[in-house]
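Observations on the model geometry
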Amino acid sequence: MPPTPKDAAAIILLKDPADPKVFWVKRNPKLTFMGGFHAFPGGQLDPQDAAAPVINSDGDSAPMRACAVREFFEETGVLLACGRDFLSDGIRTVGRKLITESSDGFNRFLREHVVQIDGSQLIPAGRWVTPPFAPRRFDTWFFLAWLPDGQEPSVEPGELVMGEWVRPTDALAKWHHDDVILAPPTLHILRTLAAHSHSIAELPARLTALPEAQRGVVRRIEFRPGIFLFPVKTATLPPATHTNCYVVGGDEMIVIDPASPYEEEQLALDAFLDSLLAEGRSVREIFLTHHHRDHVGGVNHLRDKLGVPVAAHRLTAERLAGTVVVDRYVDDGELIEIAGEPGWRLQALHTPGHARGHLCIYEEITGAIITGDNVVGLGTVVIDPPEGNMQQYFDSLRRLLELPRLTCLFGAHGPAIGSARHKIEEYVAHRTMRESKILGAVRAGAETPSAIVEAAYTDVSPSLYWLAERSTLAHLEKLEAEGRVIKRGDSRYRAA
């Protein structure tokens, strides 16, 4: 089951009504959740928020407003509260520090300085729920607010690496030119601000007009211009529950991995594609990253519906023979150019390891990469012999690191990752660490794969040992090929 969303709040801070600007931040690329994304400051509800002094607000909205103000104060130093006419920069700096030192530090600071949160200063601007494919989910309340006189936001390095004022039109231009990566709420908010910045009174209604902004399910996800992610339920390996189908292009598009075998999910993908087709677009082809069932379950349905060809690597086509018709083979290095604005140049990369015919799709212009199951945003990648090969997997990861530009990573499971190079390096380091532990276990006397797993996977739940054993066999095959372990006839291993 997908994780239950946790309550959170964020503030869309504006200034200069005559020429509105909004304050946004960039999240640290090393963060697990939305690392490298641009967003609005905010965070998760704390139990202490219910005790905060809030006026002009009641019910559930009072603690959520307190949460928004507390998180915004901690991240930017701007205090959206009323009471004393003036709190100096020094006093606010002390209050900001108290939040990090004590769970009730913020509330004590407010009481000591006779300051209250005025709910009327925080205008509701929508509630967005993280889609179910993400490893961490939030039910986030967004609020509009104006910068108080005499204050200026500043970001301290840590979870955030940057904060700045930006015109909404300039922010969208940065996104359009692939300088930033945005989640759906941020993109919608910026688009709304850009279109209605001179009709401030209309903003709350405009911001909440979408069903998704009223806790509806978010399914149209465009992290980068012309790269749509559409998660569908599949019978995949836990903790994942969905596989990401990608639609790339403008007037002409390709669909990558229509994955779900379930009729309800296929119809949902149909409806999404129909909405794109209604905009005057067309689908050129269906691409497959590899043959696994949680990537190809909806191929036949979509092929019949759209009447377009299916493209895959030759080895993938061989594995799908009799179940899915592949109309043409995709070779390593093939370039697929899609016209439009800003334009897309997709290079097919043969990246075996997880599967022999595995393809990654590298978008040369933006440096974004669709990685299939080679690198994912949720869970781990299982290398299962004989289809999986650990040496090939290492080679494929290192090949990705050699690409001239790497920005964001779109895996088959979980959300997009705004720090592609860091994530791939993390994968290489993790696999190297695991291989070292496996070799150490063999040298210490563990002979069978199950005994090696128990010694080398102490950080993994025993319920997942069966998966770990498959990857362990792949590591052992690699170590044997390198002459570092020897396999005996009874499938026992010893150090060379």
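Everything that follows concerns the structure shown earlier in this document.
A few points on the structure.

1. Description of the nonpolar core
Counting residues in hydrophobic clusters, the biggest one holds 51 residues, and the most contacted among them are Ile12, Phe223 and Phe410. For this core, the element with the most residues is helix H5 (residues 184–196), which contributes four residues. Sequence-distant contacts of Phe223, defined by excluding residues within four places in its chain, comprise Phe37, Trp175, Ile181, Leu182, Ala183, Pro184, Leu229, Phe410 and Ala416. Among the nonpolar cores identified, the runner-up in size contains 33 residues, and Val25, Val54, Phe73 and Leu122 belong to it.

2. What about empty space enclosed by the protein?
Under the definition given, this model contains three cavities of 30 Å³ or more. A volume near 50 Å³ is recorded for the largest cavity. In this structure, the largest cavity is lined by Val232, Pro258, Ala259, Ser260, Glu265, Gln266, Leu269, Asp270, Gly298, His301 and Leu302. At the level of elements, helix H7 (263–277) and helix H9 (299–306) are the ones that each hand at least two residues to the lining of the largest cavity.

3. Considering helix H13 (residues 449–456)
When H13 is considered as a whole, its buried residues turn out to be Pro449, Ile452, Val453 and Ala456. Angular distribution of buried residues about the axis of H13 spans 100°; they occupy a single face of the element. Packing partners of the buried residues in H13 comprise helix H12 (420–443), helix H14 (465–481) and strand E23 (493–495).

4. Things to note about helix H3 (residues 105–112)
Among the residues making up H3, those that are buried are Gly105, Phe106, Asn107, Phe109 and Leu110. Considering only its buried residues, H3 is in contact with helix H1 (61–76), helix H2 (89–101) and strand E6 (117–118). Val114 lies just past H3 and shows a positive phi near 50°.

Each value, and the rule that gives it
Residues numbered from 1 in each chain as written. Predicted model: local features only at pLDDT ≥ 70, side-chain atom pairs only at ≥ 80, totals over all residues. Heavy atoms only, no water. Core = buried A, V, L, I, M, F, W, Y, C linked by side-chain atoms within 4.5 Å. Buried < 20%, exposed > 50% of the residue type's maximum accessible area, 1.4 Å probe, protein only. Helix = DSSP H or I, 4+ residues; strand = E, 2+ residues; numbered from the N terminus. Contact = heavy atoms within 4.5 Å. 1 Å grid on protein atoms, 1.4 Å probe; cavity = no way out; pocket = protein on both sides within 12 Å on 5 of 7 lines; lining within 4 Å. Points joined across faces, edges and corners; volume = space filled by probe spheres on them. Arc of directions from axis to C-beta.

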